[in-house]
Amino acid sequence: MLADPVLRIYDAARRPLAENDNWQTGSQLVEDSDTNLQPYNPHEAAYYFEALPPGNHTAILSGAGNSTGVGLDEVYELK
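As the structure is a computational prediction, the values presented were derived from the model and not from experiment.

### Here we look at the overall build of the protein
(1) Moving on: In terms of regular secondary structure, the protein is built from zero helices and three strands.
(2) Moving on: Going from the N terminus to the C terminus, the protein shows its helices and strands as β-β-β.
(3) Moving on: With 79 residues in all, the protein has 24% of them scored as buried.
(4) Moving on: Long-range contacts, defined as pairs at least 24 residues apart, comprise 54% of the intrachain contacts of the protein with a sequence gap of at least 6.
(5) Moving on: Summed over all atoms, the accessible surface of the protein reaches about 5,900 Å², with 49% contributed by carbon and sulfur.

As structure tokens, then:
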């Protein structure tokens, strides 16, 4: 298990769209959404978009401080 994941999201032109280390910090907080998808662990990485720009996107999950482990990225489309 990846103990302290960092999530980075890029657009098709490799421009960074978002980065999050601990889900309770950042400019667009998951806890501010009405999704009830907040992680249990405060060290989890998560990000909430009202709408992503059209096109392809890449999500990269890595460990904080170059830590290693197994991680899982999940994407949800909410309607």
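### Section: a nonpolar patch on the surface
(1) Moving on: A cluster of nonpolar side chains, L37, Y76 and L78, forms an exposed patch at the surface whose accessible area comes to about 310 Å².
(2) Moving on: Tracing the chain through its elements places L78 in the segment after strand 3 (57-63).

### Some remarks on the nonpolar core
(1) Moving on: Within the largest apolar cluster, five residues are counted, these being L7, I9, A18, A45 and Y47.
(2) Moving on: In this structure, I9 is in contact with R15, P16, L17, A18, Y47, F49, T58 and A59, ignoring residues within four places of it in sequence.

### Structural notes on the packing of aromatic side chains
(1) Moving on: Tallied over the entire structure, the rule returns one aromatic pair.
(2) Moving on: Taken together, a centroid distance of 5.0 Å and an interplanar angle of 50 degrees make the contact between Y47 and F49 tilted.

### A closer look at the confidence of the model for the protein
(1) Moving on: Averaged over every residue, the pLDDT of the protein is 83; residues scoring 70 or more account for 87%.
(2) Moving on: Summarising per-element confidence for the protein, the mean pLDDT is lowest in strand 2 (residues 16-20) (90) and highest in strand 3 (93).

### Here we look at the sheet that holds strand 3
By definition, the strands of a sheet pair up through backbone hydrogen bonds, in either a parallel or an antiparallel sense.
(1) Moving on: Spatial strand order, 2-1-3: three strands in an open sheet with antiparallel pairing. Of all strands in the sheet, those bounded by a partner on one side alone are strand 2 and strand 3. The sheet shows a mean angle of 15 degrees between the axes of neighbouring strands, taken without regard to direction.

What counts and what doesn't
- Residues numbered from 1 in each chain as written.
- Predicted model: local features only at pLDDT ≥ 70, side-chain atom pairs only at ≥ 80, totals over all residues.
- Heavy atoms only, no water.
- Helix = DSSP H or I, 4+ residues; strand = E, 2+ residues; numbered from the N terminus.
- Buried < 20%, exposed > 50% of the residue type's maximum accessible area, 1.4 Å probe, protein only.
- Contact = heavy atoms within 4.5 Å.
- Areas by Shrake-Rupley, 256 points an atom, 1.4 Å probe, with all protein chains shown as cover.
- Patch = residues over 30% accessible without salt bridge, like charges linked within 9 Å, V, L, I, M, F, W, Y side chains within 5 Å.
- Salt bridge = Lys/Arg side-chain N within 4 Å of Asp/Glu carboxyl O.
- Core = buried A, V, L, I, M, F, W, Y, C linked by side-chain atoms within 4.5 Å.
- Phe/Tyr/Trp six-rings, centres within 6.5 Å; stacked < 30°, edge-to-face > 60°.
- pLDDT = per-residue confidence, 0-100.
- Pairing = 2+ DSSP bridges.
- Axes fitted to C-alpha atoms, helices over the stretch in contact; angles between N-to-C directions.

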